[in-house]
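Examination of the molecular architecture
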Amino acid sequence: MDYIRRHIPKLVVGGLTGMSDAPLLSPETRSRPVWQGLGLLRRHLSSCALIIVVGLAILGVWTASRLQQTVETEVGHRAATVLGSMLKRHAEDLAADTLSPELIGVIDTYFHDISDALGISEMKIWNAQGTILYASRPGLTGSAQPVSDELATALAGEISVSVGDTFHVESGWPSTTTGPQQFEIYVPIRIRSLNRIVAVAEYYQNAAVVSDALTRARWQTWGLLTVIGAMFVAILVMILRYGDAVILRQRTDLSARMADLVLLLDRTRETQARIHQRTIRLQEEQKAQLRQINSDIHDGIGQLLTVALLRMKSAPPSSGPQEDGVQSVRLILEEAMSEVQALLSGTSQRPVAELPLADAVSALVEDHRRRTSTEVRTVLADRLPEPSLPVKVAICRVVQEGLHNAFKHAGGRDQQVHLYVDHGTLVIAVSNDARHGQDACRDVTRQPMGLRNLRHRIENLGGIFQVLDLEHHRMEIRASFHEYSMEHSHE
């Protein structure tokens, strides 16, 4: 208890382990901003917010890249659809090294027809060797240039799309196009029946409208991700703030309970001190009462027995049966005096109780025979259990009280002591012939003090005490102790 008392105040002051820097809920705490009111959870909020921001940034970059790729792919497929519908009928003619003037005129007509509608500024047709078969810009038809990566990709069967302001500056030729941002698109042209690529169409399409739409889509994407991130952070703040409030409230409740526990411990210590003092006073009072009782017995019964013994010793001796009676009475008085002295010294019944149960009962019966000059029939069972000391003393008292009442009220006729075990129950029975005896023992309400005290002692030990009227005018005092009662009284 002293250990708890020393350490509980530390818990009350410091709070829970690892939470000493968390403020208690107070008016100042409630009035603080949300960020300052989070207490210990502030660091967790920072980490989670950083993770959310980084994750959303990665998601935004990936989404913008995918969006651009999707737009470029869509533009390329549209170009392949348009050019495929225009040039598919001339695919076999495009397999030649040079184009006829008629075919060049037809392609030129196609170019002018779609240039305004689709925003196409320039168009070229390449063969597999890097020769320009057709060019909308004058002076380029029939020229050969090194095969670029984009052209090689288209010759391999894939559509190539790129965005920029100027293209092919490093080739040494004049820049392909200048001006607003353009899409450079390479579309393979193949003969369907042979599934063979014979040429590549290159054209440049105005990307301003698409770029504006793409930019708006990017900004919208980033705006949406920003809103989602802010919502996540706000929800996280609400959750962490609620958790922080719960923790702080529990900490406050725990501190209050700890304080109540300290107060309870103080009261318990005070109560224990009062109980200890009361116990000491009761022990002193009991000791004083015992000393008073010993003094009263010594000054009362002891002195009377002493005077009686002195008077009998000073009486002149006589002969005959009267002298034998006097000697018997003297012996009884001497034993009574010894019993009183043993009672005053606290050793009454100790010599007999220290013997085995059968020997103790036999010794009491023999003492009764010697004192009263009467016969007592004793029936002791074999292999008797050895009960606890309180039960053994109670059995001895039953034997003494039963034989004493048999001699006092019935003259000691046909006395019998029976000690046996019946189904795990130890039974002691003292009976006698009460045909001409008094009726003091028959009525429970008028039983002598000795029987009442004996009943109280046996029932306190968990036993059963009975005064029975048997056949043939016999009176019996019986006490029974169950095996559990004997073990319980021993504990």
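This text gives an overview of the structure that appears in the document. Quick caveat: nothing in here was measured; it's all calculated off a predicted structure. (Residues numbered from 1 in each chain as written. Predicted model: local features only at pLDDT ≥ 70, side-chain atom pairs only at ≥ 80, totals over all residues. Heavy atoms only, no water.)

1. With respect to the sheet that holds strand E8 (residues 425–433)
Rules: Two strands pair if DSSP finds at least two bridges between them. Under the scheme used here, helices are H or I runs from DSSP no shorter than 4 residues and strands are E runs no shorter than 2 residues, and both carry numbers assigned from the N terminus. Working convention: axes come from line fits to C-alpha atoms, limited for helices to the stretch in contact. Angles between N-to-C directions cover 0 to 180 degrees.
Here 5 strands make up an open sheet; going across it, the order is E6-E7-E8-E10-E9 and the pairing mixed. Only two strands of the sheet have a single partner each, and these edge strands are strand E6 (376–380) and strand E9 (464–470). Neighbour-to-neighbour, the strand axes of this sheet turn through a mean angle of 15°, independent of strand direction. Inspection of the sheet shows E6 paired to strand E7 (residues 415–422) by 5 bridges, in the parallel sense. Following the sheet pairing, Leu 380 is matched in E7 by Leu 419.

2. Let's talk about the environment of Tyr 110
Quick reminder of the rule: Categorising residues by exposure relies on relative accessible area from a 1.4 Å probe, with only protein chains included: less than 20% of the type maximum marks a residue as buried, more than 50% marks it as exposed, and the intermediate range marks it as partly exposed. In this description, contact between two residues means that some pair of their heavy atoms is separated by no more than 4.5 Å.
Here Tyr 110 is to be found in helix H4 (residues 101–118). On the basis of relative accessible area, Tyr 110 is assigned to the buried category, the value being 18%. C-alpha of Tyr 110 to C-alpha of Leu 87: the two residues are 23 residues apart in sequence and 9.1 Å apart in space. Ignoring sequence-local partners within four residues, the contact set of Tyr 110 consists of Met 86, Arg 89 and His 90.

3. Structural notes on unusual backbone geometry
For residues besides glycine, phi is generally negative; the peptide bonds are generally trans as well. Despite not being glycine, Ser 373 shows a phi value in the positive range, around 55°. Here Ser 373 lies in the loop between helix H9 (357–372) and E6. A relative accessible area of 65% means that Ser 373 is categorised as exposed. You will see that His 423, though not glycine, has its phi angle at about 55°, which is positive. Relative to the assigned elements, His 423 resides in the loop between E7 and E8. What makes His 423 exposed here is its relative accessible area of 76%.

4. Structural notes on the pattern of salt bridges
Worth spelling out the cut-off: Counted as salt bridges are all cases of a side-chain nitrogen of Lys or Arg within 4 Å of a carboxyl oxygen of Asp or Glu.
In the structure shown here, the tally under the stated rule is 8 salt bridges. Across the pair Arg 370 and Asp 367 runs a salt bridge, and its minimum N-O distance is 3.4 Å. Of the two residues, Arg 370 and Asp 367 are both situated in helix H9; the distance of 3 residues between them amounts to about one turn of the helix. Using a relative accessible area of 25% as the deciding quantity, one classes Asp 367 as partly exposed. Lys 392 is paired through a salt bridge with Glu 386; the nearest N and O atoms lie 2.7 Å apart.

5. Section: the environment of Val 329
Assignment of secondary structure puts Val 329 in helix H7 (residues 321–345). For the pair Val 329 and Arg 371, spaced 42 residues apart in the sequence, the C-alpha separation amounts to 8.5 Å.

6. Observations regarding a nonpolar patch on the surface
Short version of the rule: Like-charged residues within 9 Å of one another, or nonpolar side chains (Val, Leu, Ile, Met, Phe, Trp, Tyr) within 5 Å, are grouped into patches, provided each residue has over 30% relative accessible area and no salt bridge. Reported accessibility uses the Shrake-Rupley method at a 1.4 Å probe radius. Residues are deemed covered only where the shown protein chains occlude them.
On the surface, a nonpolar cluster with roughly 490 Å² of combined accessible area is contributed by Val 227, Met 231, Phe 232, Ile 235 and Ile 239. Checked against the element boundaries, Val 227 lands in helix H6 (residues 208–314). Val 227 gets classed as partly exposed once you look at its relative accessible area, which sits at 47%.

7. Notes on the pairing of strand E3 (residues 160–164)
The buried fraction of E3 amounts to 4 of the 5 residues, a majority that puts the element mostly inside the structure. As paired elements, E3 and strand E4 (residues 182–191) share 5 bridges and run antiparallel to each other. The partner of Ser 162 across the bridge, within E4, is Glu 184.

8. What about the side chain of Glu 401?
The line we're drawing: Working convention for charge: Lys and Arg count positive, Asp and Glu count negative, and His plus the chain ends are omitted.
Considering the arrangement of structural elements, one finds Glu 401 in helix H10 (residues 389–410). The buried charged residue Glu 401 lacks any salt bridge partner; its closest oppositely charged side chain belongs to Arg 397, at an N-O distance of 7.3 Å. In this structure Glu 401 touches Gly 450, Leu 451 and Leu 454, once residues within four positions along its chain are discounted.

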